[in-house]
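# Notes for the structure review
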Amino acid sequence: MSLGDGGTALGDVVRRSNSAAAGLLRWSGSWPRELAPAQYALIGGIFTAAYLGLEWLTRVHELEGLGITLWNPVKALSLGLLLLKGVAYAPVLFLAALLVDLFIYGAAKSVASTVATSAVVALGYAALAAGLTRGLGFAVGRSDLRSVIALLVTVPAGTFVIACLYCGFLVWFDDLPARQYWEAVQHLWVGDTVGVIIILPVAMAASGSVQRLAETRPAVLLIDSGAFLAGVLIALWLIFSFEGAHEYHFFYLLFLPVSWIAMRTGFVGAAAGVCVVHLLLLALISWGGYPASTFMGYQLLVLALVFNGLLLGAVVDERRRSDELLREQHAEVVRMTRHATAGAMGVSLAHQISQPLSNVAMYLHVGRQLLADKPADPTSIAESLEKATSQLRHAKDILERLRDFVSRGTLRPAPTDLGALTRKVVALAGDDARAHGVSVRLEAASVPPVTVDALQLEQSLINVINNAIDAAAEAGRLPGCVTVRVAALDKGVRIEIEDNGPGVSDVVAKHLFEPFVTTKPSGMGLGLALSRELIGAHGGTIDWERIRPDGGARFTIELPLSPEVGHGA
Ligand code: ADP
């Protein structure tokens, strides 16, 4: 049906298209009030010129002079305009499609089908853009996995519907024999889909993830793109060095460099990579003068390559983003924990160093008494002073390590013999225990070295053993007794500190490891809280249990052999 014999039909089509366009604009409501006519005309003019120029450049395997080609990057341009500037630009697209038919394809179709198919292109792509942005939240500037999947699903589906309608009108207006309908649909669908999903992702990558690429070191970028290009060239050489029916045989080789660049550089590299591969393929196919059927085959394979590359690139970006988020969240948690414990740590300093300071006072007192003896024993005095000095050094060390832990969370792990460390702590606590009438027994099996910050662990042990001595001192009729056991585990070491005291009071049992929980008149309730903090920082645990219903407590510390230290880093 042509204009000559179908004036009424043409009138119908134009009326239908116009009212559909008006309806779409009303529905989308995206005609910006402030859109100046001059600006609209300028953008529209530039777009139309670019559309005509690009269509003229890309007349590849045109079907019967109907303006249906196997590669339509103009459709990426069209969708890009509608996505970026809104569906208010659909009339511009209508005009551009009309002009292309008139000037590039020499008015080969009837006027009616030219108008109808141009309207299908304009309305179809406007609907596609509206569906993507409004329905799926797609934005050109975002290249997250969701947007990429939305693009890869919606575009092939949308272009298929457009191709069906477009060719339907061609058949209706007698510009295409009905038997060629599916061939034309395939032709148009392949050309439009490849055109859009190769070019549009480049725009998405350019506005979205190019920043990520800029953060990559230039040398790494150079090596990655060099390896990619080398891979592509080798694959293309293999593909095209075999003439005839076997030309697709080595196509799969192109998946290797595309996957490589997607994995190395994410979506931006994948988008640019598939674009480069496609352009090189186009050049080789045009140069080789391959028939349309071969070209169609390549375009379909390119589609698979694009899907693979873009999805892989988007997944790599997503993975990197979630890794970054995880790192940021971890750093935030560590910072908050450190701040929360910093106050408790500050107060606990006094608690931590009170033990060595009272030892200093004791050794100085002993020294003074020894001085008063007649005759004075210089060796014992020196020994007492040396012990006082060593305790002062110990207090200084504690101050330094705690300061490190609070300010930078630095642990200084080193392979440590926990048997020897426990022996030292038990010996240190010996005087205090004896003063309380408590005996301390050590049962230390030989254990493998454990990578810990020895001083911080020593602090934890002192806290727990001192508590046990305090509790055992209240054992009542029985002599107070504390047992410390060191044993090897499968992949760690366990230290148990057991006492026969009255047991943990019910009042504090539920909150035992929280700061400022104490039942002692002069206690600060920080020893166990700090111990849990320090042991936790070594990847270990501390827990307690009742030994008997009427009393007794067992504290168990478990440490892995090579803990992931540096929780506070
Ligand atoms: P502090 O010793 O300053 O009270 P801790 O955090 O070391 O602070 O201990 C908190 C509380 O836990 C103690 O006041 C005590 O009531 C209870 N506790 C700790 N160890 C034992 C134990 N071995 N037996 C009974 N109660 C204990």
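Residues numbered from 1 in each chain as written. Predicted model: local features only at pLDDT ≥ 70, side-chain atom pairs only at ≥ 80, totals over all residues. Heavy atoms only, no water.

### What about the confidence of the model for the chain?
Here the chain averages 83 in pLDDT, and 84% of its residues register 70 or above. Strand β5 (residues 492-499) holds the highest mean pLDDT among the elements of the chain, 96, whereas helix α1 (residues 7-28) holds the lowest, 46. Confidence drops under pLDDT 50 across residues 20-30; counting only partners more than four residues distant or on other chains, this segment forms 15 contacts. pLDDT under 50 marks residues 565-569. Its contacts with residues more than four places away, or in other chains, come to 18 contacts. (pLDDT = per-residue confidence, 0-100. Helix = DSSP H or I, 4+ residues; strand = E, 2+ residues; numbered from the N terminus. Contact = heavy atoms within 4.5 Å.)

### Here's the deal with the packing of helix α2 (residues 37-57) against helix α4 (residues 90-104)
Between α2 and α4, whose axes approach to 9 Å, the crossing angle comes to 35°. Handedness of the α2/α4 crossing: right-handed. Two secondary-structure elements touch here, α2 through Y40, G44, F47, T48, Y51, L52, E55 and W56 and α4 through P91, V92, L93, A96, A97, L99, V100 and I104. Here the residues of the contact of α2 with α4 sort into 13 nonpolar, 2 polar and 1 charged. (Axes fitted to C-alpha atoms, helices over the stretch in contact; angles between N-to-C directions. Left-handed = near helix turned anticlockwise from the far one by under 90°. Nonpolar A, V, L, I, M, F, W, Y, C, P; charged D, E, K, R; others polar.)

### Let's talk about the site of the ligand
Every one of the 21 residues lining the ligand counts as a neighbour, but N467, D499, T518, T519 and L528 are closest to it. Between the ligand and G527, the relevant distance is 3.3 Å, taken from an oxygen atom to a main-chain nitrogen or oxygen of the residue. The contact in question runs from an oxygen atom of the ligand to an N or O atom on the backbone of L528, over 2.8 Å. The protein chains hide 95% of the 530 Å² of surface that the ligand would expose on its own. Listed by contribution, the elements that provide at least two residues to the shell around the ligand are α14 (454-472), α16 (527-537) and β7 (551-560). Here the shell around the ligand takes 3 residues from α14, the largest share from any one element. Taken together, the residues of the shell around the ligand sort by class into 11 nonpolar, 8 polar and 2 charged. (Near = heavy atom within 4 Å. Polar contact = N/O pair within 3.5 Å; in protein donor to acceptor, adjacent residues only side chain to side chain. Areas by Shrake-Rupley, 256 points an atom, 1.4 Å probe, with all protein chains shown as cover.)

### Describing the pattern of salt bridges
If charged atoms from side chains of opposite charge come close, those side chains can pair. Here the structure, examined in full by the defined rule, presents 17 salt bridges. For E498, the salt bridge identified is with R554, shortest N-O distance 2.8 Å. Of the two residues, E498 sits in strand β5 while R554 sits in strand β7, which places them 56 residues apart along the sequence. Salt bridges here are not isolated pairs; linked through shared partners, they connect R441, E443, R485, E496, E498, E545 and R554. (Salt bridge = Lys/Arg side-chain N within 4 Å of Asp/Glu carboxyl O.)

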